[in-house]
Each structure stands twice: as structure tokens, then as C-alpha cells.
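# A closer look at the structure
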Amino acid sequence: MRPGEILSMNDALYGMLLASANEVSYAIAESVGKKMGGGFETFIQKMNERCEELGCTGSHWTNANGLHDENHYTTAHDMALIGSAVYQFDKFREVTQTLNYTIPPTNLVNEERVFQQYHQMLYDGTDTFYEPCVGGKTGYTDQALSTLVSYLDNGELQLVSVNLKTHGVHVYPDTKNMAEY
């Protein structure tokens, strides 16, 4: 996205959760923080407070996009708590299950743009497809390597699977192995 570009919150959520658009994550935090009577830092403070409310004990947030910062960290346990909490929201489930999403032209871009889901376990007909996987969020930084939070539902049991600091495509068989166990 470009500075000054106007998106609906709906389109921004797809940009953040499907395309991992860091600038969109920042803009969402700044916008919501303003509605809370502050700004970006207000949003980050609320992220930390909400994590404590969920029972997280090994997390501290300094940004809204997950990019590396020595003071920005989490644990698999905390991500499972957070994942379980956000998966209760219909909109979150809808976005993280979407394979492709098109945003219309904006005030600064005259063409449609397509965001694609990076979570490979959602693509039927591929080697990594896993039917119980109903959504999730991928991530990557040089320091954290590949990360993946997956939502799994086999009709009888719902699980949140968390993989941190995994090397590339190993994240998918690791997720399947944890789910099968």
C-alpha cells in the first residue's frame, strides 16, 4: 500500500492477514489507536494488556506486524492462547479461510489488487493440503524463520497448532504431525 492510500477496514484486514502487509498492520494499529483516544502506542499497549487478560506470560509486543525487535517476543503457548481467542471472531475465521481476495481501486491505485493466502494447508489438491485445517496465519522473519498458527477442526475436536522457528516447508508436516498426535 502507499502512504495516503485509503482502504476500508475490511480490505485492510485482508491485506494484513493474507498478504502480511506490514504497512497495513501499522495503519490499522494507528487508526484503531486513534479511535481509542491515542495512537499507535495506545494500540500496542492494549495488545499487551489483552495478552495478560488471556493468560499470556511470555509475550511482549512493540509493533503490530511482528517484525523483529529485541523487546518484541512471544511463546508457542501464548500464541495458542491468542489464536484460540481470535478464532472466536467470525470475521477472523472468514479472512483466514479465504484463498484469494481482491481489493478494488483506491484513491491512489487505479487497478484491482489480489491478495493470496500463504497458508499452503488450505489449498485442496496440493501435497500440503490438510482437510482439518480451516485457517491460520503464516509468518517469517530472518530471526524467527517460518512461523505458523493453524486452526484445525475435524468435526469432533478444534485445535490451535503453533510452529515457531521452523525451516521453510517443514512447518506443514510438523503441523499435521502435531494434529494427528
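Everything numeric here is computed off the predicted structure, so don't read it as measured data. (Residues numbered from 1 in each chain as written. Predicted model: local features only at pLDDT ≥ 70, side-chain atom pairs only at ≥ 80, totals over all residues. Heavy atoms only, no water.)

## Some words on the overall build of the protein chain
The criterion, for reference: Think of it this way: any DSSP run of H or I at least four residues long counts as a helix, any run of E at least two long counts as a strand, and we number them from the N terminus. Put simply, the radius of gyration uses C-alpha atoms, and a globule should come to 2.2 Å times the residue count raised to 0.38. Accessibility here uses a 1.4 Å probe with only protein chains present; expressed as a share of the type maximum, an area under 20% marks a residue as buried, one over 50% as exposed, and anything in between as partly exposed.
Check the secondary structure of the protein chain and you find six helices and five strands. The C-alpha atoms of the protein chain give a radius of gyration of 17 Å, which matches the 16 Å a tight globule of 181 residues would have. The principal-axis extents of the C-alpha atoms in the protein chain amount to approximately 45 × 40 × 30 Å. Sorting the 181 residues of the protein chain into buried and exposed places 38% on the buried side.

## Some remarks on helix H3 (residues 40-54)
Stated formally: What a helix is expected to span follows from its residue count: subtract one and scale by 1.5 Å.
Its 15 residues give H3 an end-to-end C-alpha distance of 21 Å, which sits within 8% of 21 Å, the value for a rise of 1.5 Å per residue. Within two residues after H3, Gly55 carries a phi angle of roughly 100°, on the positive side.

## What to know about the sheet that holds strand E3 (residues 133-141)
Our working rule: If DSSP finds at least two bridges between two strands, the strands pair. Only C-alpha atoms enter the line fits that serve as axes; for helices the fit covers just the stretch in contact. Angles between N-to-C directions range over 0 to 180 degrees. By the convention used here, residues are in contact when the closest approach between their heavy atoms is within 4.5 Å.
Strand order in the open sheet made by the three strands is E3-E4-E5, with antiparallel pairing throughout. Pairing within the sheet leaves two strands with one partner each, and these edge strands are E3 and strand E5 (158-166). Across the sheet, the axes of successive neighbouring strands diverge by a mean angle of 10°, strand direction being ignored. When E3 meets strand E4 (residues 145-153), the two strands line up antiparallel, connected through eight bridges. Looking at E4, one finds that Thr141 is bridged to Leu145. Packing of helix H6 (residues 171-180) onto the sheet brings it into contact with E3, E4 and E5, and relative to E5 it is tilted by some 145°.

## Focus: the confidence of the model for the protein chain
What counts is decided by this rule: One confidence number per residue, pLDDT, is output by the predictor and ranges from 0 to 100.
On average, residues of the protein chain score 95 in pLDDT, and 100% of them are at 70 or above. Per-residue pLDDT, averaged within each element of the protein chain, yields its smallest value for H6 (94) and its largest for H3 (98).

## Considerations on the nonpolar core
Applicable threshold: Nine residue types can take part in a nonpolar core, namely buried Ala, Val, Leu, Ile, Met, Phe, Trp, Tyr and Cys, and a core is a set of them joined through side-chain atoms within 4.5 Å.
Among the nonpolar cores identified, the biggest contains 26 residues, and Tyr14, Val24, Trp61, Met79, Ile82, Tyr101 and Phe115 are the most heavily contacted of them. Of all the secondary structure elements, the ones that give two or more residues to this core are helix H1 (9-17), helix H2 (22-35), H3, helix H4 (76-86), helix H5 (90-97), strand E1 (100-103) and E4. Not counting residues up to four positions away in its chain, the partners in contact with Val24 are Met1, Leu7, Ala12 and Met16. Listed in part, the eight residues of the second largest apolar core include Met121, Cys133, Leu152 and Val171.

## Notes on the packing of H1 against H5
Quick reminder of the rule: Orientation categories follow fixed angle ranges, with anything under 35 degrees roughly parallel, anything over 145 roughly antiparallel, 65 to 115 roughly perpendicular, and all other angles oblique. In this scheme the handedness of a crossing depends on how the near helix is turned from the far one: anticlockwise by less than a right angle means left-handed, clockwise means right-handed. Throughout, the ten residues Ala, Val, Leu, Ile, Met, Phe, Trp, Tyr, Cys and Pro are labelled nonpolar, Asp, Glu, Lys and Arg are labelled charged, and all others, Gly among them, are labelled polar.
Packing of H1 against H5 leaves a shortest axis separation of 10 Å and a crossing angle of 55°. Taken as axis vectors, H1 and H5 run oblique relative to one another. Judged by the twist between their axes, the crossing of H1 over H5 is right-handed. Within the contact between the two elements, H1 uses Asn10, Leu13, Tyr14 and Leu17 and H5 uses Lys91, Phe92, Glu94, Val95 and Thr96. Split into classes, the residues belonging to the contact of H1 with H5 amount to five nonpolar, two polar and two charged.

## So, the pattern of salt bridges
Basically, it comes down to this: Whenever a carboxyl oxygen of Asp or Glu lies within 4 Å of a side-chain nitrogen of Lys or Arg, that contact is scored as a salt bridge.
Per the counting criterion, the structure on display carries four salt bridges. Across the salt bridge formed by Lys91 and Glu94, the nearest N and O atoms sit 3.0 Å from each other. One end of the pair is Lys91 and the other is Glu94, both in helix H5 and three residues apart, which spans about a single turn. Of the residues examined, Lys91 reaches a relative accessible area of 31% and is grouped as partly exposed.

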